[in-house]
Amino acid sequence: MSDGAAGTDTAVAADDAGAGDGGAARPGPPAWLLGVGPLVLLAGLLFALFRFGPLGLFDEAFPPVEELTIERIWFPGPGVMKVAVVNGGPEAVTIAQLAVDDAVWSHELDGERTIGRLERRVITVPYPWVEGEPHQVVLITNTGVTFDAGVDVATTAPPVGGRYLGAFALLGMYVGVLPVLLGLLWLPFLRRIERRWVDFFMALTVGLLVFLGVDALLEAFEVAGEVPGAFQGTGLLLMGALGTPLAVNALGRARRNPDGTAAPFQLALLVALAIGLHNLGEGLAIGGAYASGAIALGAFLVVGFLVHNTTEGLAIVAPLARESISIAPLVALGLLAGVPTILGAWIGGFSSSPIAVTLFLAIGAGAVAQVVIELARFFGRRAESGLTAPLNAAGLLLGLAVMYLTGLLVTG
Amino acid sequence: MSDKSGDRGMSRRNLLRAGAVGAAGVAVGGAARALQQGASPEQLQGAAQLVSSHGHVASNDAVGDIQPGGFDPTAFLTDFDYGRVSTLADGRTLREYDMVAIDEDIEVAPGVWFPAWTYNGQVPGPTIRCTEGDRLRVNFRNAGSHPHTIHFHGTHPAEADGVFEIVEPGGSYTYEFDAEPFGLHLYHCHAIPLKRHIHKGLYGTFIVDPPGGREPARELVMVMNGFDTNFDGSNEIYAVNTVGFHYQRHPIKLALNELVRVYLVNLTEFDLINSLHMHGNMFRLYRTGTDLERSELTDTVTLCQGERAVLEFSYRFPGRFMFHAHQSEFAELGWMAMFDVSGEEAPVV
Ligand SMILES: [Cu+2]
């Protein structure tokens, strides 16, 4: 039960408080005892509740609450399908039978048929699935409750190995790395234009990032809905989205200008890091979708992605317009932003779960939020009325519009 | 319940998903196509190894078996309840039956339990058997948690019809009537809501033999039924005699050339009709069994809810022969069975 774990956390916190307060000389019992006292009472209350409380009445009155989540269905080869399930409910659940496409089917679990709370199983089904067609899986528990999920387009999952890694590396290069590097080539242009136009492009960067951040956040909310209940999708999302800006901010404190703003390279680094984290989440989504066959077809989309993601490169170099920087660190920034797409695709292809995707999308959104804050602060010091200056505001709106329009290109 | 097939709004991630293949197609060209479509020899070998190392071929079947000691569908096939027999003053035969409604969890497929309402703790209820003209006295007691009745098909007075005399939990009622006409009938609870009382398991077979009896045969009772285990208004498991796939896993043994008579009843709830299709043979069909003239020679019979038929056949070739619902969906969800015809001739009765 989680009650024990929660109790321990609180105990640690209480101990810290006690230690910090230890110097104060006051009559009466020591501070640590006062801190621990309520915890002892809480333990007693819990004991009384389970021993004498009314819980038994509810246990008898209602059937067990069963909750299974089918995380993933994939097809490792002809005639074999795999189903990953997680028990995110309060009670253990026993899978009695499994049906594929309305036919009860032989299958094997990689463990006990009874799945404990927060436990996971992979089910192997020797089923003659059909390339390119939809398939539906229903799990029947011992109480007759059913859980179902399906794939829209069945396709062989890429086998784990050199060819698989290579294919995703190339995919990530095209969708993530090369467009970003291409975007870096705007640096010489930025160096030739007036300062107010540089500000304009930095404001445009803010627009791009706001679009990316909001999009990632909405996406994270959507995937959070698929997270098994006990794993609290919303909780993961909050931790990722709030924790990441705090962490990035702490890292960024090291090198700052005397006036408190980040140094230009610092800003560029933050932008690249944020975009990288964002791309990691998207790589996960791509890999997971590819591995489970949940993908549509259409080669023209690559072109859309090339254009779409090139703007990410522009965002990185915008803060560097007046800086002298050699090629190597510049390329490093581009790789920092782009390579996570490949890593994400690898991880997602091996084992994508709504839990991981939610967390990483939220981290991406949080990272983007942190950069937007940094850039806004930067503008506050540098320009007269910051981002709300007419030209800068126009840049910001144009940034949003560019994302929107290149997005249209992707939708075709 | 999770449903991943539902529509999702177009978002950037979905676009990326869509783009993934396109990108792969352009970027990796042939390699990606090969990954998608072609099965490498290793994969094929992997699948084959799965079969051999686990001794397991892909099969449309349940896993595991039902718990021993409970309801045995094989025993039920030939289990006829003739009641407590005595002779009335007028010389006629009186048959007395005790029926109790009991709430009981039953196993409808290996490991899948259904909270049933039963007659005498089993689904279907006992097969009541008598001869035309017998006096029947059925003592019904309700030990369940809901009001129930027993409604018999056939000809009888209104007070023995089991519709208006609702028996409350703890109550009892005696149905008394003469068995007529001969034929294959059924009985079931007629309390409301009717659909739930029947689907929960309160039904059984009621056989009235013709006065001279039928030709000696190996007689089998088969009740086509289904179970909506998640109560969503459609059946998860279909079966003949309650346990999905039971006679596929435990084929019914028949002897060569022996006369077999199947009393087939349809008590499937939610679906309008059910059917039986037999392989490698044709059967003589006697609709409702109220006539001794066959109405058809066929290999498939379709029955609406509550309909029934007598089937007669004998196998001329040894071996395993399937019989199943000819609705493929019902068959694949459990209504699939097998006769195992031995090479031995049936002993002369
Ligand atoms: Cu009833």
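Thresholds, definitions, all that
Residues numbered from 1 in each chain as written. Chains lettered and ligands numbered in written order. Predicted model: local features only at pLDDT ≥ 70, side-chain atom pairs only at ≥ 80, totals over all residues. Heavy atoms only, no water. Helix = DSSP H or I, 4+ residues; strand = E, 2+ residues; numbered from the N terminus. Polar contact = N/O pair within 3.5 Å; in protein donor to acceptor, adjacent residues only side chain to side chain. Contact = heavy atoms within 4.5 Å. Donors = N, O, S within 2.8 Å, 3.2 Å for Na, K, Ca; no water. Buried < 20%, exposed > 50% of the residue type's maximum accessible area, 1.4 Å probe, protein only. Core = buried A, V, L, I, M, F, W, Y, C linked by side-chain atoms within 4.5 Å. Pairing = 2+ DSSP bridges. Axes fitted to C-alpha atoms, helices over the stretch in contact; angles between N-to-C directions. Phe/Tyr/Trp six-rings, centres within 6.5 Å; stacked < 30°, edge-to-face > 60°. Lys NZ or Arg CZ within 6 Å of the ring centre and 35° of its normal.

1. Overview of the side chain of His-156 of chain B
All names here are of chain B.
Step number 1: By the secondary structure assignment, His-156 is in the loop between β7 (151-152) and β8 (172-178).
Step number 2: A polar contact is formed between the side chain of His-156 and the side chain of Asp-161, at a distance of 2.8 Å.
Step number 3: When neighbours within four sequence positions are excluded, His-156 is seen to be in contact with Asp-161 and Phe-177.

2. Some details on the coordination of the copper ion
Residue and element names in this part refer to chain B.
Step number 1: Within the protein, the copper ion binds to His-148 (ND1), Cys-189 (SG) and His-197 (ND1); these donor distances fall in the range 2.0 to 2.1 Å.
Step number 2: Mapped onto the sequence, the residues coordinating the copper ion show the spacing H-x40-C-x7-H. His-197 carries the same exposure label as Cys-189, and that label is buried.

3. Here's the deal with the environment of Thr-174 of chain B
Residues and elements named next belong to chain B.
Step number 1: Turning to its location among the elements, Thr-174 is positioned in strand β8.
Step number 2: Of the residues examined, Thr-174 reaches a relative accessible area of 39% and is grouped as partly exposed.
Step number 3: Thr-174 sits 119 residues away from Glu-293 along the chain, and the two C-alpha atoms are 35 Å apart.
Step number 4: Setting aside residues no more than four positions away along its own chain, Thr-174 makes contact with Arg-137, Val-138 and Asn-139.

4. Topic: the side chain of Glu-219 of chain B
Residues and elements named next belong to chain B.
Step number 1: As for its placement among the helices and strands, Glu-219 is situated in strand β11 (residues 218-227).
Step number 2: Within the structure, Glu-219 has its side chain in polar contact with the side chain of Tyr-263 (distance 2.8 Å).
Step number 3: Ignoring anything within four residues of it in the chain, the contact list for Glu-219 reads Leu-77, Thr-78, Phe-80, Arg-129, Arg-261 and Tyr-263.

5. Quick word on the nonpolar core
Step number 1: Of all hydrophobic cores here, the largest spans 64 residues; its most connected members are Met-222, Leu-276, Trp-335 and Phe-339 of chain B.
Step number 2: Residues in contact with Leu-276 of chain B, not counting those within four places in the same chain, are Met-222, Met-224, Leu-264, Phe-283, Asp-299, Thr-300, Val-301, Leu-311, Phe-323, His-324 and Trp-335 of chain B.
Step number 3: By size, the runner-up hydrophobic cluster in this structure holds 44 residues, among which are Val-248, Ala-315, Ile-325 and Phe-379 of chain A.

6. Observations regarding the sheet that holds strand β21 (residues 336-345) of chain B
Residue and element names in this part refer to chain B.
Step number 1: The strand order β13-β21-β20-β15-β18 describes an open sheet built from 5 strands, whose pairing is mixed. In the strand order of this sheet, the two ends are held by β13 (252-256) and β18 (300-304), each with one partner. When strand polarity is set aside, the average angle formed by the axes of neighbouring strands in this sheet is 25°.
Step number 2: Relative to β21, strand β20 (residues 319-324) runs antiparallel, the two being bridged by 6 bridges. For Gly-319, the partnering residue across the bridge sits in β21 and is Val-341.

7. Regarding the packing of aromatic side chains
All names here are of chain B.
Step number 1: Counting across every chain of the model gives 24 aromatic pairs over all chains.
Step number 2: Between Phe-71 and Phe-76, the ring centres sit 5.5 Å apart and the planes meet at 50°, which makes this aromatic pair tilted.
Step number 3: Overall, Phe-71 belongs to the partly exposed group, its relative accessible area being 25%.
Step number 4: Taken together, the ring pairs in this structure connect Tyr-119, Phe-140, Phe-152, Tyr-173, Tyr-175, Phe-177, Tyr-187 and Phe-206 into an aromatic cluster.
Step number 5: Directly above the aromatic system of Phe-80 lies the positively charged group of Arg-129, at a separation of 4.6 Å from the ring centroid.

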